[in-house]
Amino acid sequence: MIGLIVGPKGTGKTKALIGMIGEAVKETKGSVVCIEKGLKLTYDINYSVRLVDIEHYDIEGFPALYGFVAGIMAGNYDITNIFVDATLKIGGKDLNEFAEMVKKLGELMKEHEVKIVFTVSCDKSEIPESISEFIL
């Protein structure tokens, strides 16, 4: 499953993400990973969540983000949930490239039972129609 938390800056996307992370920790029998730019969520999420600061890995662009997420999944088979905060700050502002990455991850999800949720700072109307079905 892929989910998109979409809205302009300041509309509570990160707060919603933190709530979803908390629920995932309660429900999962596997591992939960949260990818963010900078370590802003350190004190907001459960200590059992693997918090990854993407800035340490020099990831820029959606192809690199796809490879990073796929690599995390390949390295640990018990991951059940991956959360990505500030997606456009990591991958760039090109929503069509973002849509391509989401489609590729969708194909990868067919082989794995991992739920991925992204926060996306834009208006819902800006999301390409090909991935609008993933808006939560």
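Residues numbered from 1 in each chain as written. Predicted model: local features only at pLDDT ≥ 70, side-chain atom pairs only at ≥ 80, totals over all residues. Heavy atoms only, no water.

**Q** What am I meant to see in the sheet that holds strand S2 (residues 31–36) here?
**A** Hydrogen bonds between backbone groups are what pair the strands of a sheet, and the pairing can be parallel or antiparallel. Pairing in this open sheet of five strands is parallel, and the strands run S1-S5-S4-S2-S3 from one edge to the other. Because the sheet does not close on itself, it has two edges, and the strands there are strand S1 (2–7) and strand S3 (50–53). Sheet twist, expressed as the average angle between the axes of neighbouring strands with direction ignored, equals 15 degrees. Relative to strand S4 (residues 79–84), S2 runs parallel, the two being bridged by five bridges. Across the sheet, residue Cys34 finds its bridge partner in S4, namely Phe83. On top of the sheet, helix H4 (residues 95–109) reaches S1 and strand S5 (115–121); it is set at about 170 degrees to S5, its chief contact. (Pairing = 2+ DSSP bridges. Helix = DSSP H or I, 4+ residues; strand = E, 2+ residues; numbered from the N terminus. Axes fitted to C-alpha atoms, helices over the stretch in contact; angles between N-to-C directions. Contact = heavy atoms within 4.5 Å.)

**Q** Where do I start with helix H1 (residues 13–27) in this structure?
**A** Owing to its 3.6 residues per turn, the α-helix aligns residues three or four sequence positions apart on the same side. Along its 15 residues, H1 runs 21 Å from first to last C-alpha, staying within 8% of the 21 Å computed at 1.5 Å per residue. Among all positions in H1, only Lys13, Leu17, Ile21 and Ala24 are buried. Summarising the axial view, the buried residues of H1 lie within an arc of 80 degrees, below the 170-degree limit, and thus occupy one face. Among the exposed residues of H1, those oriented more than 90 degrees off its buried face are Lys15 and Lys26. (Expected span 1.5 Å × (residues − 1). Buried < 20%, exposed > 50% of the residue type's maximum accessible area, 1.4 Å probe, protein only. Arc of directions from axis to C-beta.)

**Q** Which parts of the structure should I look at to understand the nonpolar core?
**A** In globular proteins that are soluble, nonpolar side chains generally tend to be buried together. Counting residues in each nonpolar core, the largest one holds 35 residues, and the members touching the most others are Ile35, Ile82, Phe98, Leu105, Ile116, Phe118 and Val120. Contributing elements (two or more residues each) for this core: S1, S2, helix H2 (62–75), S4, helix H3 (87–91), H4 and S5. It is H4 that contributes the most residues to this core, eight residues altogether. Among all residues touching Phe118, those that are not within four sequence positions of it are Ile2, Gly3, Leu4, Ile5, Val84, Thr87, Phe98, Met101 and Leu105. (Core = buried A, V, L, I, M, F, W, Y, C linked by side-chain atoms within 4.5 Å.)

**Q** Looking at this model, I keep getting lost on the pairing of S2. Mind explaining?
**A** Each regular strand shows side chains that alternate between the opposite faces of the sheet. Within S2, five of the six residues are buried, leaving the element largely enclosed by the surrounding structure. Where S2 lies against S3, four bridges are found, and the strand directions are parallel. Bridged to Glu36 within S3 is Asp53.

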